[in-house]
Amino acid sequence: MVLGSLSSGIQKAVDKISGRSLVDEEVIEEACRDIQRALLQSDADVELVFDLTESIKKRAMDEEPPKGLTQKEHVVNIVYEELVKFLGKDEAEVPLRESRILLMGTFGAGKTTSVGKIARFYKNRGLKPALVACDTYRTAAYDQLKQIGEEIDVPVYGDPDEADSSAVLKDALEEVDEEVVIVDSSGRDALNDEMVEEITTLDEILEPDERFLVVPADMGQQAGRQARRFQEELDVTGVVVTKMDSTAKGGGALSACAATGASVKFIGTGEGMDDLERYDPERFVSQLIGYGDLEGLLERVDEEEAAEQAKKIMEGDFTLEDFQDQMSQVQSMGSLEEVMGKIPGFSKSKLPDGLIDMQEEKMEKYNYIIDSMTPDEKQDPKVINSSRKRRIANGSGAKVEDVSELIKLFRQSKKAMEMFKGGRGGMKGSLQKMMKQFGGL
Ligand SMILES: Nc1nc2c(ncn2[C@@H]2O[C@H](COP(=O)(O)OP(=O)(O)OP(=O)(O)O)[C@@H](O)[C@H]2O)c(=O)[nH]1
Ligand SMILES: [Mg+2]
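Residues numbered from 1 in each chain as written. Chains lettered and ligands numbered in written order. Predicted model: local features only at pLDDT ≥ 70, side-chain atom pairs only at ≥ 80, totals over all residues. Heavy atoms only, no water.

Participant: If you had to explain the overall build of the protein to someone new, which residues and values would you point to?
Facilitator: When helices and strands are tallied, the protein shows 20 helices and 8 strands. For the protein, with 441 residues in total, the buried portion stands at 49%. For the protein, the accessible area works out to roughly 21300 Å², and carbon and sulfur atoms hold 43% of it. (Helix = DSSP H or I, 4+ residues; strand = E, 2+ residues; numbered from the N terminus. Buried < 20%, exposed > 50% of the residue type's maximum accessible area, 1.4 Å probe, protein only. Areas by Shrake-Rupley, 256 points an atom, 1.4 Å probe, with all protein chains shown as cover.)

In C-alpha cells, the structure reads:
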C-alpha cells in the first residue's frame, strides 16, 4: 500500500512522543501539527482533522495515564485510539454465509475487478461463489468478467448479446446454484437518474443481502460525499475503497467515509485478484503508526480495562443497574466471560449459560424491562411482587414471564459473583493476588 507520506507523517509524530522523556504540552502540539500535515496531504477534511487533533490534545492533557502505562505510552495510545475513530472505528463484518451481493459505482471505480476479488475472498473461505455480468452498457464488459472468472476458476453467468441487464439477472438467478452470487453492474460518470433506475431494477430482482459501493481512493474526501449520496439513494450497506496502492489520498477517502457513517468493508490494494483486504481500522492504524511495541501496549491497555471492570463487579453490590451497564458496554455477554476469565480461580462455568449465550434481541428486551423498573427495584429485585411484575411488563412491552426470567438470571449471576467474592476455598487469596497483579490492592 502506498501509505508512504501519510504513514511517515504519523510515525514522525509518534516518534516525537516516544522519544522524549517528558511529554509536555509543547511536544503534544508539535506531534499534532505533524499529524495534521500528514492527514491534510492525504486530502482529509480540514475541519475533521482539527477536531481530531483537538481531542488528542485535550485527552493527552486531561487524562491520567492508567496504571501500568507510562505517560508517553498513554499519549501514544490516545493517538492510536483517536486515529482509529477517525478512520472507521469498527472492523468490517463480512458474514460468511449464503449471500447475494450487488456492486455499483461510477466508471472505472474498480467494480468488475472487485467482483472477482470478492469472489476469491469467499472461495478461499470455503464458499462457492458465482459472478453475474449485468454490465450490458460498456462494450466487452462481459468478456472482461469472463476472463476474471476463468482466472479465479469461478462460473460466470451472463449473455454478451443481451442488452437488458434485468433479463440477464433473471436468467442467471434461475440457473445459479452457487452460495454467494456477486453481481457486476454498469457504471455511469456520476450518480444520475439513469443509474439509480438501473440499480433499483436490479435490486428488486436480486433482493441482495449487501449493496456495495465501489469508490477509488484517489477521490480523496470526495469519496465521502459519494458514499453519502449512494447511501441516500440506493441504501448501500458497505463500501469497497479501491486503488489504495496507487494514491496518497487513501487517508482522506477512508476518513471521509467514516465521517458519513458508511461502513468500509474492503480495501483494494492492487490489480491482482488477491489484492483485497477486509478493512480493519485498528490494523490499518497500527500499520500507519508503525510503533514497535504497539501490540504489547494495546494488550496492557485491554488488561487494565478488564481489571477495572472486574474490580467494580467484585467491590460493589451487583445490582440490576450494573447488569444493565454490562449489557450496554459489551456487544455480547461473552465479553463478561472474558473479563471474569482473567481472574484466576474463577471458573467460567460458574456464570449461568443464559448470561453467556444471551442474544442481542434478548439483551434489548431486558434493557427495556430494567428501564421500566423503579430505582429500588433495580437495587434489589426482591421487592418485585406479581403486581409490580405486571406493571414492569406493561411498561416495557414484554411478557410477565420475561420479567421473571430476567430476575432469575440476574439472581443466578449475582450468586455466582458473590460465591466468588466470599472467598471460599482459597478463592479470596487468588482474587487478592489478581488485584495485586493489576496494581489494584
Ligand atoms: N492499482 C489498482 N488498480 C485497480 C484496483 N482496482 C481496480 N483497479 C484497476 O482499475 C481499472 C478499472 O477497473 P474495473 O474493475 O474495470 O473498473 P469498473 O468500475 O468495472 O469500470 P467500468 O466497468 O468501466 O465502469 C482497471 O485497470 C483495474 O485493474 C486496485 O485496487 N488497485
Ligand atoms: Mg466494469
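Moving on from the model shown.
Participant: Tell me what's going on with the nonpolar core, and back it up with residues and numbers.
Facilitator: In globular proteins that are soluble, nonpolar side chains generally tend to be buried together. One finds Leu-39, Val-132, Val-241 and Leu-254 to be the most contacted residues of the largest nonpolar core, which totals 73 residues. Element by element, the count of residues in this core is highest for helix 4 (residues 71-87), at 9 residues. Contacts of Val-241, omitting those with residues within four sequence positions, involve Val-215, Ala-217, Ala-253, Leu-254, Val-264, Phe-266, Ile-267 and Gly-268. Listed in part, the 26 residues of the second largest apolar core include Val-94, Leu-145, Ile-152 and Val-154. (Core = buried A, V, L, I, M, F, W, Y, C linked by side-chain atoms within 4.5 Å. Contact = heavy atoms within 4.5 Å.)

Participant: Hey, could you go over the site of ligand 1 for me, with residue numbers and the actual values?
Facilitator: The local shell around ligand 1 holds 20 residues, among which Lys-111, Thr-112, Thr-113, Asp-245 and Glu-271 are the closest. Thr-113 places a side-chain nitrogen or oxygen 2.4 Å from an oxygen atom of ligand 1. For ligand 1, an oxygen atom lies 2.8 Å from a polar atom in the side chain of Glu-271. When isolated, ligand 1 has an accessible area of 650 Å², and the protein chains bury 82% of it. Sort the elements by how many residues they give to the shell around ligand 1 and helix 5 (residues 111-124) lands first, with 4 residues. Looking at the shell around ligand 1, its residues break down into 2 nonpolar, 11 polar and 7 charged. (Near = heavy atom within 4 Å. Polar contact = N/O pair within 3.5 Å; in protein donor to acceptor, adjacent residues only side chain to side chain. Nonpolar A, V, L, I, M, F, W, Y, C, P; charged D, E, K, R; others polar.)

Participant: Residues and numbers for empty space enclosed by the protein, please.
Facilitator: Empty space among the atoms becomes apparent when a probe as large as a water molecule is rolled across them. Evaluation of the coordinates by the stated rule reveals 3 cavities of 30 Å³ or more. In this structure, the largest cavity occupies an estimated 50 Å³ of space. Forming the walls of the largest cavity are Ile-267, Glu-277, Arg-278, Tyr-279, Asp-280, Arg-283, Phe-284 and Gln-287. Of all elements in the fold, only strand 8 (276-278) and helix 11 (281-289) reach the threshold of two or more residues within the lining of the largest cavity. It is helix 11 that provides the largest number of residues to the lining of the largest cavity, a total of 3 residues. (1 Å grid on protein atoms, 1.4 Å probe; cavity = no way out; pocket = protein on both sides within 12 Å on 5 of 7 lines; lining within 4 Å. Points joined across faces, edges and corners; volume = space filled by probe spheres on them.)

In short, geometric facts, not functional conclusions.
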